[in-house]
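Listed below, chain by chain, are the residues.
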Amino acid sequence: MRKLTYFIATTVDGFIGGPDGDSDFIYTFLDPEFIGHLTAEYPETISAAGRAQLGIEDAPPKRFDTVLMGRKTYEPGLKVGMTSPYGHMREQYVVSRSLTVSPDPQVRLISGDVAATVRELKARDGLDIWLCGGADLAAQLVDEIDEYIVKTYPVVVGTGMPMSTAGFGVRPLELTGCTALGGGQVITSYTVKR
């Protein structure tokens, strides 16, 4: 069975964006070593535009062949004309109640029971499913997430958008990996204990 993995970038104090959701400040921490690591280990998580810049357009997926994101995560790319940010993946899903028509034939919209859709996706053959963000979607899927891969950047912001808006709940995890990079970034992997 496929896993749903929340693969997310965060500050040391657990925020994935500023109070308005903007996460552009994170890009200042994308140094060559970190980009090299992402390119080698998670090439499919780099947008089509980023893959073109890095010359890895044809890099096959290693971990994920399906991406799931909320409308707020999808929207910044859409504003600059990127209607299919992960067109190199087998499937792209955007969860939205406000979008009624997909801006791109490669992007499928989910407006109903997202947890039921994720369970259906998990039952299909393929690589794992990448939960790209954001906080509200992670909260809706907190019981469906099987793994967390957290890219922590060496910065504290004090307030902003948390990794998840799920209410308080003790959800034990098992550490399965930790990679520290020279620029101060740390990538930790956790499996959800069930």
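Just above, that's the structure.
All of these numbers come straight from a predicted model, not from anything done at the bench.

### Describing the environment of Thr159
Along the polypeptide, Thr159 turns up in the loop between strand S7 (147-153) and strand S8 (161-162). Thr159 sits in the partly exposed class, given a relative accessible area of 48%. Along the primary structure Thr159 and Gly17 are separated by 142 residues, whereas in three dimensions their C-alpha atoms are 8.8 Å apart. Those residues in contact with Thr159, other than ones at most four positions away along the chain, are Phe15, Gly17 and Pro19.

### Brief notes about the side chain of Gln92
Along the polypeptide, Gln92 turns up in strand S4 (residues 91-95). Engagement of the side chain of Gln92 in a polar contact is seen with the side chain of Ser84, the distance being 2.7 Å. Setting aside its immediate chain neighbours within four residues, Gln92 contacts Val67, Ser84, Pro85, Tyr86, Gly87, Gln106, Val107 and Arg108.

### With respect to the sheet that holds S7
Overall, mixed pairing links the eight strands, which are arranged S5-S4-S3-S6-S1-S7-S10-S9 in an open sheet. Each having just a single partner strand, strand S5 (107-110) and strand S9 (173-180) make up the two edges of the open sheet. Along the sheet, successive strands turn relative to each other by an average axial angle of 25°, direction set aside. Sheet analysis places strand S1 (residues 4-11) next to S7, joined by seven bridges and oriented parallel. Looking at the pairing, Phe7 lines up with Ile149 of S7. Against the sheet, helix H1 (residues 32-41) makes contact with S1, S7, S9 and strand S10 (186-192), and its axis sits at roughly 165° relative to S7, the strand it touches most. Across the sheet, helix H3 (residues 71-79) lies against strand S3 (64-70), S4, S5 and strand S6 (128-133), angled at about 95° from S3, the strand it touches most.

### Concerning unusual backbone geometry
Across the junction of Gly133 and Gly134, the peptide omega takes the value 10°, indicating a cis bond. On the secondary structure map, Gly134 appears in the loop between S6 and helix H5 (135-140).

### Some remarks on the pattern of salt bridges
Counted under the stated rule, the structure contains 14 salt bridges. Ionic pairing is found between Glu75 and Arg71, a salt bridge with its closest N-O pair at 2.7 Å. Here Arg71 and Glu75 lie together in helix H3, a separation of four residues that amounts to about one turn. Looking at Glu75, the relative accessible area reads 28%, which means it is partly exposed. With relative accessibility at 24%, the residue Arg71 sits in the partly exposed group. Two residues, Lys122 and Glu144, come together in a salt bridge whose shortest N-O distance is 3.5 Å. With a gap of 22 residues between them, Lys122 in helix H4 (residues 114-123) and Glu144 in the loop between H5 and S7 connect regions that are remote in the sequence. Neither Lys122 nor Glu144 differs from the other in exposure class; each is buried. When salt bridges that share partners are traced, they join Arg2, Asp65, Arg90, Glu91, Arg108 and Arg124 into one network.

### With respect to the pairing of S6
Across the six residues of S6, six count as buried, placing the element largely inside the fold. Of the strand pairs in this sheet, S1 and S6 are connected by three bridges, and their pairing is parallel. Opposite Leu4, over in S6, you have Ile129 as the bridge partner. In terms of strand pairing, S3 meets S6 through five bridges, oriented parallel. Residue pairing for S6: Met69 is matched across the bridge by Gly133.

### Let's talk about the layout of surface pockets
By volume, the second largest pocket amounts to about 220 Å³. As for the second largest pocket, its lining consists of 14 residues, and the residues nearest its centre are Val142, Tyr148, Gly169, Arg171 and Leu173. When grouped by side-chain class, the residues that make up the lining of the second largest pocket number eight nonpolar, two polar and four charged.

Thresholds, definitions, all that
Residues numbered from 1 in each chain as written. Predicted model: local features only at pLDDT ≥ 70, side-chain atom pairs only at ≥ 80, totals over all residues. Heavy atoms only, no water. Helix = DSSP H or I, 4+ residues; strand = E, 2+ residues; numbered from the N terminus. Buried < 20%, exposed > 50% of the residue type's maximum accessible area, 1.4 Å probe, protein only. Contact = heavy atoms within 4.5 Å. Polar contact = N/O pair within 3.5 Å; in protein donor to acceptor, adjacent residues only side chain to side chain. Pairing = 2+ DSSP bridges. Axes fitted to C-alpha atoms, helices over the stretch in contact; angles between N-to-C directions. Salt bridge = Lys/Arg side-chain N within 4 Å of Asp/Glu carboxyl O. 1 Å grid on protein atoms, 1.4 Å probe; cavity = no way out; pocket = protein on both sides within 12 Å on 5 of 7 lines; lining within 4 Å. Points joined across faces, edges and corners; volume = space filled by probe spheres on them. Nonpolar A, V, L, I, M, F, W, Y, C, P; charged D, E, K, R; others polar.

No statement about biological role is implied by the geometric values presented.
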